[in-house]
Amino acid sequence: MIPYGRQDISEEDIQAVTDVLRSDFLTQGKLVPAFERAVASYCTAKLGVAVNSATSALHVACLALGVGKEDIVWTSPITFVASANCAIYCGATVDFVDIDSRTYNMSVEALQKKLITAKKAGKLPKVVIPVHLAGQSCDMESIFRLSKEYGFAIIEDASHCIGGKYKGVPIGSCRYSSIAVFSFHPVKIITTGEGGMATTNDPVLAKRMAHFRSHGIVRYADEMTHEPDGPWFYQQIDLGFNYRMTDIQAALGLSQLKRLDDFVAKRHEIAKRYNEILTEPWLTLPWQDPDTYSAFHLYIIRVQENNPIVNHLQLFTMLRSAGILVNLHYIPVYRHPFYQRMGFDVADFPEAESYYAEAISLPMFTTLTAEQQDIVAACVNQKTAVDKTDEELKGFQNIF
Ligand SMILES: *Cc1c(COP(=O)(O)O)cnc(C)c1O
């Protein structure tokens, strides 16, 4: 079996976690703030707020920006559901902006068109959440320019791309956004088991996100409505959650962060090799915008529709039946029944639909070997005989 993604854990990582287990604090110690400072500093952002997942980070980011029942939030349809769910958690309305045909990120052209229509209808979004798919940054300068013109805030869903760059600057710098969000799930670039972080240059937003992460509770007199009753005192001033990261997770994150640049360099090496050995003319390989340095969380190929050799479903099924655990990132969010009930029409998103009909994520992780890549390439290029009938292949579809 070759998975599509997996973590890369060193002895040093294990030692870092073990050290916490022998220390006084498993959570709410010094390592979470240290990890926040380290990530913020890596990204050249002022502040980091660590939480227990990117999903939580997206939620507290929306709350900090004041997203509520009357508000509209836009994101890309080609993303994990969490990029849209965060707005629904706040009671807001979600809509989607179609993707760019080359990067598969939110299309700036489609965004601009939708903004013009929305302005006329008085339905402009409060927040737009661009998603840096596969680790490649969106066209943030253009989205930022539109945010100034139409008055929306930007949360970057940077779950795929810690270690990536846009115009030479680390993703997460928030140069073109209010907040950026990272995921540290094991399939992502670095891991804390589960975990996430929001970076920002705005101390007010950071403070609000920190409140929402921990029940909406404040502990300093200057944040309270009156003088503390005594040394035991704290106040709940908002309705928050327990979204805290533990020191055990932060220790792993700090240790992983040391190897982040090596991880991303290795992912580029793997991508370069795939580019060389995937040779069939009916394949579309990942296009790289020269303004970006991807973190290469995913290596996405497209099986061009109506090619005479193999169709999308056939190739996907063949790969899985060969023990290559490919995936499809992602089913367009509006296609999920929960979102279908809101009345979305697939015809409104032709590029996302075309992508969904063609995309496959090949295995991509730092410990993937050249031999494993060759096995994947032989299968994709149709050089491996698969003597199974369609009927036999069907059985494999739901195994993984
Ligand atoms: C993984 C992912 C998330 C959610 O991350 P968690 O840390 O698992 O909550 C959100 N958005 C995108 C684009 C992701 O890939």
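Please refer to the structure placed before this passage.
Rules used in this analysis
Residues numbered from 1 in each chain as written. Predicted model: local features only at pLDDT ≥ 70, side-chain atom pairs only at ≥ 80, totals over all residues. Heavy atoms only, no water. Phe/Tyr/Trp six-rings, centres within 6.5 Å; stacked < 30°, edge-to-face > 60°. Buried < 20%, exposed > 50% of the residue type's maximum accessible area, 1.4 Å probe, protein only. Pairing = 2+ DSSP bridges. Helix = DSSP H or I, 4+ residues; strand = E, 2+ residues; numbered from the N terminus. Near = heavy atom within 4 Å. Polar contact = N/O pair within 3.5 Å; in protein donor to acceptor, adjacent residues only side chain to side chain. Nonpolar A, V, L, I, M, F, W, Y, C, P; charged D, E, K, R; others polar. Axes fitted to C-alpha atoms, helices over the stretch in contact; angles between N-to-C directions.

Caption draft 1: Structural context of the packing of aromatic side chains. Under the counting rule described, the total for this entry stands at 14 aromatic pairs. For the ring pair Phe338 and Tyr339, a centre distance of 5.1 Å and an interplane angle of 80° mean the geometry is edge-to-face. By relative accessible area, Phe338 is classed as partly exposed at 40%. Classification of Tyr339 as buried rests on a relative accessible area of 1%.

Caption draft 2: Representation of the sheet that holds strand β6 (residues 165-166) within the structure. Here 3 strands make up an open sheet; going across it, the order is β7-β6-β13 and the pairing antiparallel. Either end of the sheet is taken by a strand with one partner, and the two such strands are β7 (169-170) and β13 (292-293). Alignment of β6 against β13, held across 2 bridges, turns out to be antiparallel. Its bridge partner lying in β13, Lys165 is registered against Tyr293.

Caption draft 3: Spatial organisation of unusual backbone geometry. With omega at 10°, the peptide bond leading from His329 into Tyr330 counts as cis. Secondary-structure assignment places Tyr330 in the loop between α10 (312-321) and α11 (337-340). Phi at Lys167 is positive, roughly 50°, even though this residue is not glycine. Within the fold, Lys167 resides in the loop between β6 and β7. With a phi close to 50°, Phe296 is a non-glycine residue in the positive phi region. Within the secondary structure, Phe296 is located in the loop between β13 and β14 (299-303). A residue is classified by how much of its surface remains accessible, and Phe296, at 5% relative accessible area, is buried.

Caption draft 4: Up close: the site of the ligand. The full set close to the ligand counts 15 residues, and Thr55, Asp157, His160, Ser183 and Lys188 are the nearest of them. Between His160 and the ligand, the recorded distance is 2.6 Å, taken from a side-chain N or O atom to an oxygen atom. When contributions to the shell around the ligand are tallied by element, the ones reaching two or more residues are α3 (54-64) and α4 (82-89). A per-class count over the shell around the ligand returns 5 nonpolar, 8 polar and 2 charged.

Caption draft 5: Here's a closer look at the sheet that holds strand β9 (residues 196-200). In space, the 7 strands of this open sheet follow the order β1-β9-β8-β5-β4-β2-β3, with mixed pairing throughout. Either end of the sheet is taken by a strand with one partner, and the two such strands are β1 (47-51) and β3 (93-96). In this sheet, adjacent strand axes meet at a mean angle of 20° when their direction is disregarded. In the sheet, strand β4 (residues 127-129) pairs with strand β5 (residues 153-157) via 2 bridges, with the strands oriented parallel. Note that in β5 the partner of Val128 across the bridge is Ile154.

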